[in-house]
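Overview (structure and organization)
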Amino acid sequence: MEERIDDIRLIPAPIEIEFAIASTLPEAYEREYHSLSESDDDPIGQWLKLAKARGETQDTDPVLLNLIIELHRKIDNLEAYIKNETPKRVALPSHTQIESIGFEHFKIKEELFEPKTLYYGRVAMPVHPKRDVAIFFEALTPNLAHITRMHDRDIKEWNSYVAARERVLIREMREKRNK
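Conventions adopted
Residues numbered from 1 in each chain as written. Predicted model: local features only at pLDDT ≥ 70, side-chain atom pairs only at ≥ 80, totals over all residues. Heavy atoms only, no water. Pairing = 2+ DSSP bridges. Helix = DSSP H or I, 4+ residues; strand = E, 2+ residues; numbered from the N terminus. Axes fitted to C-alpha atoms, helices over the stretch in contact; angles between N-to-C directions. Contact = heavy atoms within 4.5 Å. Phe/Tyr/Trp six-rings, centres within 6.5 Å; stacked < 30°, edge-to-face > 60°. Buried < 20%, exposed > 50% of the residue type's maximum accessible area, 1.4 Å probe, protein only. Lys NZ or Arg CZ within 6 Å of the ring centre and 35° of its normal. Expected span 1.5 Å × (residues − 1).

**Describing the pairing of strand β3 (residues 105–108)**
- Note that strand β2 (residues 94–101) and β3 share three bridges and pair antiparallel. Across the sheet, residue I98 finds its bridge partner in β3, namely I108.

Below, the structure is given as C-alpha cells:
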C-alpha cells in the first residue's frame, strides 16, 4: 500500500541540506556516500570499536571514554583547521533550509525538487558531534522528499533527533497550555 502524502507526520527542525540530482555524477556521489560512513570519516571511532571488540575498554568509564574521544576529534579538527585542510567533498549545486523532518521524510522551505527524481544530499546534523550525513532521497512533491538510503548509524542519529524535536514541541505545547 502506497503512503499518502497527507499521512506523513513532520516536525519543525532547523537543518540545512546541500543536494543534487543523483544521476548527474552517480559514481562521485556513491563514493562520497561511502566515504561519509563512520569508518572512513572517523578513524578514532573505528579504533574505539576495535578496542571494544577486543574487550580493552571493559574497565573504563564509558562517559569518560566518550569525552576523551570527543576531545581527540576536536584536536583533529583544530589540526586540520590550522593546516588549512578541508574535507574533500563533491560540489553540490543546491543548498536550502529543511523546514520539517520525519523518520523517513523531510520538507524544504522552497519548491526546488522535481517529483519522482532521485537526489543525493548532505545534511548538516545539529547533534554532537556535528557532522555531515550523506543521504539519497526521492522527491515526492516539489518540496517533500522520502529518504531512500542512509547509513545505519545515521539512521539512529536521525531518528533520535526527530524524537528529540518531538519532545521539545510537546514541552512547548504544555507550557503554552499551562499559561
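**A word on the sheet that holds strand β6 (residues 144–150)**
- The six strands lie next to each other as β1-β2-β3-β6-β5-β4, forming a closed barrel whose pairing is antiparallel. Each strand of the sheet is rotated relative to its neighbour by a mean of 45°, with strand direction disregarded.
- Helix α1 (residues 26–35) rests against β1 (11–21), β4 (118–125), β5 (131–139) and β6 of the sheet, and its axis sits at about 135° to β5.
- Contacts from helix α5 (residues 152–178) reach β1, β2, β3, β4, β5 and β6 within the one sheet, and its direction differs from that of β1 by about 145°.

**Quick word on the packing of aromatic side chains**
- The tally for this structure, following the rule as stated, stands at eleven aromatic pairs.
- Relative to F137, the ring of F106 lies with its centre 5.0 Å away and its plane at 75°, an arrangement referred to as edge-to-face. Of the two residues, F106 is situated in strand β3 and F137 in strand β5; the sequence distance between them amounts to 31 residues.
- Of the residues examined, F137 reaches a relative accessible area of 0% and is grouped as buried.
- One aromatic cluster is present, formed by F19, F106, F113, Y119 and F137 through successive ring pairs.
- Lying across the ring of Y33, R149 places its NZ or CZ 4.4 Å from the centre.

**Considering the environment of P14**
- Within the element layout of this structure, P14 appears in strand β1.
- Along the sequence, P14 and M125 sit 111 residues apart, while their C-alpha atoms lie 9.5 Å from each other.
- Ignoring anything within four residues of it in the chain, the contact list for P14 reads I98, P126, Y161 and R165.

**Remarks on α5**
- With 27 residues, α5 ought to run about 39 Å at 1.5 Å a step, and its terminal C-alpha atoms sit 39 Å apart, in line with that.
- Among all positions of α5, only D154, E157, W158, Y161, V162 and E166 are buried.
- For α5, the secondary structure elements touched by its buried residues are β1, β2, β3, β4, β5 and β6.

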